[in-house]
Amino acid sequence: MNRAIVWGLAGAALIAFLLTLAGERGMLGDPPEAQQAADIGGAFTLLDSEGRSVTEADFSDSYLLVSFGFTSCPDVCPTALQTIGQAMDLLGDDGNPVQPIFITLDPARDTPAVVGAYTQAFHPKLIGLTGSAEQVAAAAGAYRVYYAEVPTPETGDGDYTIDHSAFVYLMSPDGAYLTHFSHASTPEDMAAGVRDFLG
Ligand code: NI
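All figures in this text were calculated on a predicted structure; none of them were measured in a lab. (Residues numbered from 1 in each chain as written. Predicted model: local features only at pLDDT ≥ 70, side-chain atom pairs only at ≥ 80, totals over all residues. Heavy atoms only, no water.)

(A) Representation of the nonpolar core within the structure. Within the largest apolar cluster, 45 residues are counted, with the highest numbers of intra-cluster contacts made by Leu-65, Val-66, Phe-68, Tyr-143 and Val-194. The greatest single-element share of this core, amounting to six residues, is contributed by helix H3 (residues 76-91). (Core = buried A, V, L, I, M, F, W, Y, C linked by side-chain atoms within 4.5 Å. Buried < 20%, exposed > 50% of the residue type's maximum accessible area, 1.4 Å probe, protein only. Helix = DSSP H or I, 4+ residues; strand = E, 2+ residues; numbered from the N terminus.)

Given below as structure tokens:
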């Protein structure tokens, strides 16, 4: 081998090594989807329907089906929660390791009792969570949920509705994002999608 080829090979090896190193450190960037997925979820501290403090650690034995919304939502939230309830029924005993939770984005109106009564109407296993405005904002931020209060003066002074993104997230027992469902998902889609991840 002549000297130019040796240096060429050495250079190529060095570049390959540096690219591997950069890739491992995420310097080249993950594909947008993977990066976003890895970012979804995290720690939260909220209140259950009895006003007791709960965190993600209280659900560490379960797959979590996480949804966000507000109890006076006219359409999207009830549909999503109905879908979750029916998916849980379709899963039957296979759904035992799955814990559906609904986190309100309207803590000012959705007190622990209000959110608890609301979720019970959709499925006995569905847990409703609320908290302080800061706690709710932190939970929504962890799940990359967009929401904004929108005044509706036409229905009354000080009235408002809440615009919000409406995905349902499936998280593993160790808190990793697995997949999500849109509000267009049917109960059959959701049950099948969850089943894919159950051991
Ligand atoms: Ni809603």
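(B) The pattern of salt bridges, seen in detail. Scanning all chains against the criterion turns up four salt bridges. The salt bridge partner of Asp-39 is Arg-144, with a shortest N-O separation of 3.9 Å. Highlighted residues: Asp-39 in helix H2 (residues 32-39) and Arg-144 in the loop between helix H5 (133-142) and strand S6 (147-151), separated in sequence by 105 residues. Between Asp-106 and Arg-109 there is a salt bridge, and its shortest N-O distance comes to 2.6 Å. Residue class for Asp-106 comes out buried when judged on its relative accessible area of 1%. (Salt bridge = Lys/Arg side-chain N within 4 Å of Asp/Glu carboxyl O.)

(C) Quick look at H5. Within H5, burial applies to Val-136, Ala-139, Ala-140 and Ala-142. Viewed end-on, H5 has its buried residues packed into an arc of 160°, placing them on one side of the element. Looking one or two residues past H5, Arg-144 carries a phi angle of roughly 55°, positive in sign. (Arc of directions from axis to C-beta.)

(D) Region of interest: the environment of Thr-179. Mapped onto the fold, Thr-179 is located in strand S9 (residues 177-181). Sequence separation between Thr-179 and Leu-65 is 114 residues; the distance between their C-alpha atoms is 9.7 Å. Look past the residues within four positions of Thr-179 in its chain and what remains in contact with it is Val-168, Tyr-169, Leu-170 and Phe-197. (Contact = heavy atoms within 4.5 Å.)

(E) View of helix H6 (residues 187-195). Within H6 the residues assigned to the buried category are Pro-187, Met-190, Ala-191, Gly-193 and Val-194. One side of H6 holds all its buried residues, which, seen down the axis, span an arc of 165°. Along its buried surface, H6 packs onto strand S3 (63-69), H3, strand S4 (98-104), strand S8 (168-171) and S9.

(F) Broad picture of the pairing of S8. Here S8 shows two buried faces, one formed by Val-168 and Leu-170 and the other by Tyr-169 and Met-171. One ladder, built from three bridges, connects S3 with S8; its direction is antiparallel. Of the residues in S8, the one forming a bridge with Val-66 is Tyr-169. Direction of pairing for S8 relative to S9: antiparallel, over a ladder of four bridges. Looking at S9, one finds that Leu-170 is bridged to Thr-179. Adjacent in sequence and paired antiparallel, S8 and S9 are bridged by five residues, among which Gly-175 carries a positive phi angle near 90°. (Pairing = 2+ DSSP bridges.)

(G) Layout of the environment of Leu-47. Looking at where Leu-47 falls in the secondary structure, it is placed in strand S1 (residues 45-47). Looking at Leu-47, the relative accessible area reads 24%, which means it is partly exposed. Between the C-alpha atoms of Leu-47 and Gly-128, which are 81 residues apart in sequence, the distance is 8.6 Å. Ignoring sequence-local partners within four residues, the contact set of Leu-47 consists of Arg-52, Ser-53, Val-54, Pro-112, Gly-128, Leu-129, Thr-130, Gly-131 and Gln-135.

(H) Representation of the side chain of Ser-172 within the structure. As for its position among the elements, Ser-172 is in the loop between S8 and S9. Leave out the neighbours within four places in its chain, and Ser-172 touches Ser-62, Tyr-63 and Leu-178.

(I) Spatial organisation of the sheet that holds S8. If you walk across this open sheet you meet the five strands as S5-S4-S3-S8-S9, and the pairing is mixed. For this open sheet the edge positions go to strand S5 (127-129) and S9, each flanked by a neighbour on one side alone. Averaged over all neighbouring strand pairs, the angle between strand axes comes to 25°, with direction disregarded. Most of the contacts of H3 go to S3, to which it runs at about 160°, and overall it touches S3, S4 and S8. (Axes fitted to C-alpha atoms, helices over the stretch in contact; angles between N-to-C directions.)

(J) Seen up close, the confidence of the model for the protein chain. Scored by pLDDT, the protein chain comes out at a mean of 87, with 81% of its residues at no less than 70. In the predicted structure, residues 17-32 sits below a pLDDT of 50 and forms five contacts with residues beyond four places in sequence or in another chain. (pLDDT = per-residue confidence, 0-100.)

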